[in-house]
Amino acid sequence: MVRCFLIHTVCPVSALGAGESRVLYSRVFGPDEAIFSDQEMSPEERRILQKEKLAVVARQVRSAVTLSREASGRLMAEALLGEEALALQEADSGVARLRAGEPFSEEMSALWLGVHSLGFTLVCEAHENLLLAEGTLRNLSRHCLEQLHLLGQGSEVLLRSHRVDALLNRLLPHGQLLFLNHRFAQSLEKEVAAYMAK
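Residues numbered from 1 in each chain as written. Predicted model: local features only at pLDDT ≥ 70, side-chain atom pairs only at ≥ 80, totals over all residues. Heavy atoms only, no water.

Peer 1: Help me out: how do you make sense of unusual backbone geometry in this one?
Peer 2: Across the chain, the bulk of peptide bonds are trans and the bulk of non-glycine residues have phi less than zero. Residues glutamate 102 and proline 103 are joined by a peptide bond in cis, for which omega reads 0°. Locating proline 103 in the fold gives a position in the loop between β3 (92–98) and β4 (108–115). Here histidine 116, not a glycine, exhibits a phi torsion of approximately 55°, which is positive. Tracing the sequence through the fold places histidine 116 in the loop between β4 and β5 (118–125). The class of histidine 116 is buried, set by a relative accessible area of 17%. Of note, the phi angle at histidine 174 is positive, near 55°, even though the residue is not glycine. (Helix = DSSP H or I, 4+ residues; strand = E, 2+ residues; numbered from the N terminus. Buried < 20%, exposed > 50% of the residue type's maximum accessible area, 1.4 Å probe, protein only.)

Structure representation (structure tokens):
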């Protein structure tokens, strides 16, 4: 099962300090770990704890993307509207292991794509099919980039979170990875296109 999906920054942002990453969108699937802990927490405390865990994941992915880009020696060029498919093909990608307690109570795998200044991350349970998760992450990223124009100036991912929610509901229902045959994938593509055209 997928534990969460994040869209966050992976490049320096003027309002943030060095090494910081801003979470632009997050969606958590499954039960909240704080509910099962021994200590009683208010809903606000649980929300803050969850926000901190997601920030830790975003920082770890930002570090991995930076390391990958430095190791490859490629310079990042500005992407223009309409070049989302090319940007996705040239995206840095990888998997990071999140040990138990850092930040989740169980061991997890974080699959990430670094597309220019944005990071797309899926956090999965350790036993998940990583190849299927990578295909799902690439599909989600492609739809986000193409439909929401996230690479353009002043993209409004924060204002269009309902569209990202709709994508997740169709492509990753309740955090479950879907095995898609060609016909079912085409059907989902039509559904997504119809919704995004609204």
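Peer 1: How do you make sense of the sheet that holds β3 when you look at a structure like this?
Peer 2: By definition, the strands of a sheet pair up through backbone hydrogen bonds, in either a parallel or an antiparallel sense. If you walk across this open sheet you meet the five strands as β2-β1-β5-β4-β3, and the pairing is antiparallel. A single partner strand is all that each edge strand has here, and the edge strands are β2 (23–28) and β3. Along the sheet, successive strands turn relative to each other by an average axial angle of 15°, direction set aside. Of the pairings in the sheet, the one linking β4 to β5 comprises eight bridges and is antiparallel in character. (Pairing = 2+ DSSP bridges. Axes fitted to C-alpha atoms, helices over the stretch in contact; angles between N-to-C directions.)

Peer 1: Can you walk me through the packing of helix α3 (residues 130–148) against helix α4 (residues 161–171) in this structure?
Peer 2: Two quantities define a packed helix pair, namely the angle between the axes and the distance from one axis to the other. Viewed as axis vectors pointing N to C, α3 and α4 meet at an angle of 150°, and their least axial separation amounts to 11 Å. In terms of orientation, α3 lies roughly antiparallel with respect to α4. Note that α3 runs across α4; the crossing there is right-handed. Two secondary-structure elements touch here, α3 through Thr136, Asn139, Leu140, His143, Cys144 and Leu148 and α4 through Arg163, Val164, Leu167, Leu168 and Leu171. Within the contact of α3 with α4, the residues separate by chemical class into seven nonpolar, three polar and one charged. (Parallel < 35°, antiparallel > 145°, perpendicular 65-115°, else oblique. Left-handed = near helix turned anticlockwise from the far one by under 90°. Contact = heavy atoms within 4.5 Å. Nonpolar A, V, L, I, M, F, W, Y, C, P; charged D, E, K, R; others polar.)

It is worth stressing that arrangement in space is one thing and function is another; only the former is reported here.
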